[in-house]
Structures are given as structure tokens and as C-alpha cells.
Amino acid sequence: MSHEIRTEPLTAAAFAPFGDVLEASGHPDRIINQGLCGRFHDRARLEFGADGRAGVSIFDATPRALPYMLDMVERHPDGAQCFVPMSLQPFLVIVAPDAGGRPGRPRAFVTDPGQAVNFLRGTWHGVLTPLHAPGLFAVIDRIGPGPNLEEHWFDRPFTVIEG
Ligand SMILES: NC(=O)N[C@@H](O)C(=O)O
Ligand code: NI
């Protein structure tokens, strides 16, 4: 198995098994605020269990570069996690299917400007990975008891390269 992963453009269809792509594209679901705002309504499948609640945090992450060494993916068994960039810079989104409790082959996507992503509860993903400064994101995820974290370190890292 090759340990090189080529990035793919992020589309809602490709990402659907892993979560949601949030963006202001196409027609808004609602026109609000006296016609001055389009609302793309309720676009993330958020779920927070095990006595947790939704919280919003701000992440200030150090930008990385491609080729990117992927040595670990993680998942949050008790809640979804939504990354909303506070800039129009594209960022790297890595996910992997579950294969009997371990991650399968990862996939890497690069967002378009203005796209945000939501990882479904329990989805294997790479940690927040900006590709350009500022690495500022609003992150909506579960606040609650317990670690809500499972990490998997690959025996041999993958190299994520530009698709
Ligand atoms: N640890 C934390 O708050 N963030 C990670 O879950 C992540 O996916 O970046
Ligand atoms: Ni996470």
C-alpha cells in the first residue's frame, strides 16, 4: 500500500460518509434580515452525547505545508466536531473510514475558500491543519465529562501531497 496520499477537492458528496461541508453556495434556504442576508440553514449534523453539550472555542493553529507528514488520526466517540475558518484561506482536512475499530486508508481534502467542515461523531480525522496564516478557527464541539478522544498513531506515517 502506497503511503502517499494525494489531496482531493472537497465536495459534499465525497465528504458525506465522514461529515458535512458547510458553505454559502447555491440558493440560501432562507432570505432573512429584511432581505439582506441569505441563511444556509442547519447544515451540520451535530451530535453531542454522554452528558455533553455544544461549545464554541477559538483555535489559533500553526500553519503547516504540503507535503505533510500524517502520523496520527483521532476520533471523538461522544461528539461531532466542526471547524469553521475565520479567514478565507483553504485548509487541509484528513479523514479515514473505520475498519474494525482502527482507521482505514486516510483521504485528504483541501477546502475551497469559505468552506467549513463538520466531522460526524466518532469519525477518524486529522487534527486541525491550516495551510496558511492566520490559522484562526471557530470550533464547535462537545464540552463534557470524559476524554472524548481516541488517537491512532500509524506505524508508518503517510505523506500527504498536492493532488
Ligand atoms: N484537541 C482538540 O481540541 N482538537 C482536536 O480534536 C482536533 O481535531 O484538532
Ligand atoms: Ni478532533
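Residue numbers here run from 1 along each chain, matching the order of that chain's written sequence. Each chain is given a letter, starting from A, and each ligand a number, starting from 1, according to the order in which they appear as written. The predicted nature of this model means local features are confined to residues of pLDDT at least 70 and side-chain atom pairs, given and counted, to a pLDDT of 80 or more, with totals for whole chains, interfaces and linings taken over all residues. Here the side-chain values reflect all heavy atoms present in the structure, with hydrogen atoms and water set aside.

As a reminder, the rule being used: UniProt positions are given in the numbering used here, feature names are shortened, and annotations may be inferred rather than shown by experiment.
With an unreviewed UniProt entry as reference, the chain is termed Ureidoglycolate lyase, source organism Halovulum dunhuangense. Recorded in UniProt for the chain, the comment headed Subunit (unreviewed entry) runs: "Homodimer." Recorded in UniProt for the chain, the comment headed Catalytic activity (unreviewed entry) runs: "(S)-ureidoglycolate = urea + glyoxylate".

**Digging into the coordination of the nickel ion (ligand 2)**
Applicable threshold: Only N, O and S atoms count as donors, using a 2.8 Å limit from the metal and a wider 3.2 Å limit for Na, K and Ca, and since water is excluded some coordination spheres may look unfilled. Irregular is the label for any site that misses the other tests, which are tetrahedral for four donors with all angles between 85 and 135 degrees, and square planar for four donors or octahedral for six when opposite donors exceed 155 degrees and the remaining angles lie between 65 and 115. Relative accessibility thresholds used throughout: buried, under 20% of the residue-type maximum; exposed, over 50%; partly exposed, between the two (1.4 Å probe, protein chains only).
Within the first shell, the nickel ion (ligand 2) binds the protein through Glu 74 (OE), His 76 (NE2), Gln 81 (OE1) and His 125 (NE2), at distances of 2.0 to 2.2 Å. Bound by 6 donor atoms, the nickel ion (ligand 2) shows angles of 75 to 177° at the metal and therefore octahedral coordination geometry. Between the donor residues of the nickel ion (ligand 2), the gaps in sequence give the motif E-x1-H-x4-Q-x43-H. Just as His 76 is buried, Gln 81 falls in that class too.

**Here we look at the sheet that holds strand E5 (residues 53–60)**
The following threshold applies: In this scheme, strands are said to pair when DSSP sees at least two bridges between them. Helix and strand assignments come from DSSP, with helices taken as H or I runs of at least 4 residues and strands as E runs of at least 2, each series counted from the N terminus. Angles shown run from 0 to 180 degrees and are taken between the N-to-C directions of axes, each axis being a line fitted to C-alpha atoms and, for helices, limited to the stretch in contact.
Ordered in space as E2-E12-E7-E15-E5, the 5 strands form an open sheet in which the pairing is antiparallel. Strand pairing shows two members of the sheet lacking a second neighbour, strand E2 (19–22) and E5, which therefore form its edges. Across the sheet, the axes of successive neighbouring strands diverge by a mean angle of 15°, strand direction being ignored. The pairing of E2 with strand E12 (residues 116–119) spans 4 bridges and is classified as antiparallel. Directly across from Asp 20, in E12, lies its bridge partner Asn 118.

**Section: the nonpolar core**
Quick note on the threshold: The set of buried Ala, Val, Leu, Ile, Met, Phe, Trp, Tyr and Cys residues whose side-chain atoms join them within 4.5 Å is what this entry labels a nonpolar core. Any pair of residues with heavy atoms lying within 4.5 Å of one another is described as a contacting pair.
One finds Phe 15, Phe 83, Val 93, Phe 109, Val 117 and Phe 119 to be the most contacted residues of the largest nonpolar core, which totals 16 residues. Looking at this core, the elements that each hand over two or more residues are helix H1 (12–15), strand E8 (91–96), E12 and strand E15 (136–143). What Val 93 contacts, discounting residues up to four positions off in sequence, is Phe 15, Arg 107, Ala 108, Phe 109, Thr 111, Val 117 and Phe 119. Core analysis: the second largest hydrophobic core is formed by 13 residues, Leu 70, Ala 108, Leu 131 and Phe 154 among them.

**Remarks on the packing of aromatic side chains**
Heads up, the condition is: Stacked, tilted and edge-to-face are the three classes assigned to paired rings of Phe, Tyr and Trp, where Trp is represented by its six-membered ring and a pair needs centres within 6.5 Å; plane angles under 30 degrees give stacked, over 60 edge-to-face, the rest tilted.
Inspection of every chain in the model, using the stated rule, returns 6 aromatic pairs. Here the aromatic rings of Phe 83 and Phe 119 are separated by 5.2 Å at their centres, their planes lie at 90°, and the arrangement is edge-to-face. Here Phe 83, found in strand E7 (residues 81–85), pairs with Phe 119, found in strand E12; they are 36 residues apart in sequence, far enough to count as distant. Neither Phe 83 nor Phe 119 differs from the other in exposure class; each is buried. Arranged with centres 5.0 Å apart and planes meeting at 85°, the rings of Phe 154 and Phe 158 form a pair that is edge-to-face. Residue class for Phe 154 comes out buried when judged on its relative accessible area of 13%. For Phe 158, a relative accessible area of 3% corresponds to the buried category. Cluster of aromatic residues (ring-pair linked, three or more members): Phe 15, Phe 18, Phe 83, Phe 109 and Phe 119.

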